[in-house]
Amino acid sequence: MTDKQTIEVYDARAKQYLDLVSRTEPDADLHAFLDAMPAGGHALDLGCGPGNSAAMMRDAGLIVEAWDASAEMVAIAQKKFGLDAKQAVFNDLTSESSYDGIWANFSLLHAPKAEFPRHLAAIKTALKPGGVFHIGMKLGAEDHRDKIGRLYTYFTLDALKTHLQEAGFTPRRIREGSEAGLSGEVSPFAVILSHA
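A short tour of the structure in this document, coming up. Position numbers for residues start from 1 in each chain and track the written sequence from start to end. Reporting of local features is limited, given that this is a predicted model, to residues whose pLDDT is at least 70; pairs of side-chain atoms are given and counted only at 80 or more, and all residues count toward the totals for whole chains, interfaces and linings. Think of the side-chain values as coming from all heavy atoms in the structure, minus any hydrogens and water.

Thoughts on the overall build of the protein chain
To qualify as a helix, a DSSP run of H or I must reach at least 4 residues; to qualify as a strand, a run of E must reach at least 2; elements of each kind are numbered from the N terminus. Helix and strand counts for the protein chain come out as 7 helices and 9 strands. Based on the C-alpha atoms only, the size of the protein chain along its principal axes is roughly 40 × 40 × 30 Å. Roughly 8600 Å² of accessible area belongs to the protein chain as shown, and the carbon and sulfur atoms make up 49% of that amount. Neither His nor the chain ends contribute to the count of charged residues, in which Lys and Arg are positive and Asp and Glu negative. Working definition for charges: the position is that of NZ of Lys, CZ of Arg, CG of Asp or CD of Glu. Separation of charge centres in the protein chain, based on 20 positive and 26 negative side chains, amounts to 2 Å. Each accessible area is a Shrake-Rupley result for a 1.4 Å probe, and residues are judged covered by the shown protein chains and nothing else.

Spelled out as structure tokens, the structure:
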């Protein structure tokens with residue numbers, strides 16, 4: 001994520017966002033990711049927010065890196081959860097065969113649509129062969145800013161699956177739903193667990 005306005009919103013509302021995602025026990029999506037990972041595997045939380053998911057991965061025995069574009073989110077992840085989180089954007093992912101799994105839970109939806117295939121390719125390259133990739137995305141057609149100013153890129157579920165397959169991923173588990181986010185707006189979404 002490199003959109004300055006979106007990052008500023010997250011910096012300004014980091015504590016509010018922490019309260020919104022404050023669960024400390026893995027949900028079904030995180031359980032599925034953990035179950036697909038090797039014991040002691042190396043995971044990257046790409047867009048970690050306040051770090052609660054990364055902390056649950058660490059507590060489940062994984063070696064976890066946590067990245068976020070928002071300095072305030074990184075500060076919360078470090079202070080509240082004791083994570084060695086760092087401020088980084090999607091373009092900083094340049095490693096090869098480094099991770100057993102990458103968790104991008106509602107983070108890549110802030111990347112410009114034209115850059116989405118390149119980010120997926122970088123994720124595929126950064127994963128070890130057979131690695132696990134979790135992605136959460138809101139579903140739709142029209143890209144826009146929400147009412148608090150965050151830039152969103154939308155795909156239909158079919159388009160999202162096509163992008164994943166073209167990048168070399170095999171979707172294994174798909175969950176659809178609808179819920180309110182930080183802005184209060186209710187949006188449909190899809191969560192997909194794939195293997196490289």
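Having seen the structure, we can now continue with the description.
Section: the packing of aromatic side chains
Planes of paired rings set the category: under 30 degrees apart is stacked, over 60 is edge-to-face and the rest tilted, where pairs are Phe, Tyr or Trp rings (Trp by its six-membered ring) whose centres lie within 6.5 Å. Applying the stated rule across the entire model yields 5 aromatic pairs. When the centroid spacing of 4.6 Å and the interplanar angle of 40 degrees are considered together, the rings of Phe116 and Phe155 count as tilted. Residue Phe116 is found in helix H6 (residues 116-126), and its partner Phe155 is found in the loop between strand S7 (151-152) and helix H7 (157-166); the two are separated by 39 residues along the sequence. Both residues of the pair, Phe116 and Phe155, belong to the buried class. Categorising residues by exposure relies on relative accessible area from a 1.4 Å probe, with only protein chains included: less than 20% of the type maximum marks a residue as buried, more than 50% marks it as exposed, and the intermediate range marks it as partly exposed.

Re H6
It helps to recall that an α-helix has 3.6 residues per turn; residues three or four apart then point in one direction. For H6, the set of buried residues is Phe116, His119, Leu120, Ala122, Ile123 and Ala126. Considered in projection along H6, the buried side chains sweep an arc of 160 degrees and stay on one side of the axis. Against strand S1 (42-46), strand S4 (99-105), strand S5 (127-138) and H7 lie the buried residues of H6. When we speak of the arc, we mean the arc of directions from the helix axis to the C-beta atoms. Any two residues whose heavy atoms approach within 4.5 Å are treated as being in contact.

Some thoughts on the pattern of salt bridges
Two side chains of opposite charge can pair, provided their charged atoms sit close to one another. In the sections that follow, a salt bridge refers to a side-chain nitrogen of Lys or Arg positioned within 4 Å of a carboxyl oxygen of Asp or Glu. Counted under the stated rule, the structure contains 9 salt bridges. Here Lys161 makes a salt bridge to Asp158, at a shortest N to O gap of 3.9 Å. In this pair, Lys161 and Asp158 are both assigned in helix H7, 3 residues apart and thus about one turn of the helix distant.

Quick look at the packing of H6 against H7
Axes here refer to lines fitted to C-alpha atoms; in helices the fit is confined to the stretch in contact. Angles between the N-to-C directions go from 0 to 180 degrees. The interhelical angle for the contact between H6 and H7, taken along N-to-C directions, is 45 degrees, at an axis separation of 9 Å. Accordingly, the angle class assigned to the pair H6 and H7 is oblique. In terms of crossing hand, the pair formed by H6 and H7 is right-handed. Residue-level inspection shows Phe116, Pro117 and Leu120 of H6 in contact with H7, the latter providing Leu160, His163 and Leu164. Here the contact of H6 with H7 is built from residues that sort into 5 nonpolar, 1 polar and no charged. Any angle that falls under 35 degrees is termed roughly parallel, while one over 145 is termed roughly antiparallel, one within 65 to 115 roughly perpendicular, and all others oblique. Helix crossings fall into two classes, left-handed where the near helix is turned counterclockwise from the far one by less than a right angle and right-handed where it is turned clockwise. Residues are grouped as follows: Ala, Val, Leu, Ile, Met, Phe, Trp, Tyr, Cys and Pro are nonpolar; Asp, Glu, Lys and Arg are charged; every other residue, Gly included, is polar.

Considering the pairing of strand S9 (residues 186-195)
In terms of burial, S9 is a largely internal element, 7 of the 10 residues being buried. Note on pairing: two strands pair once DSSP finds at least 2 bridges between them. Where S5 lies against S9, 7 bridges are found, and the strand directions are antiparallel. Residue pairing for S9: Phe133 is matched across the bridge by Ser194. Alignment of strand S8 (residues 170-180) against S9, held across 10 bridges, turns out to be antiparallel. Each bridged residue has a counterpart across the sheet, and for Glu176 the counterpart in S9 is Ala190.

That is the geometry; function is a separate question.
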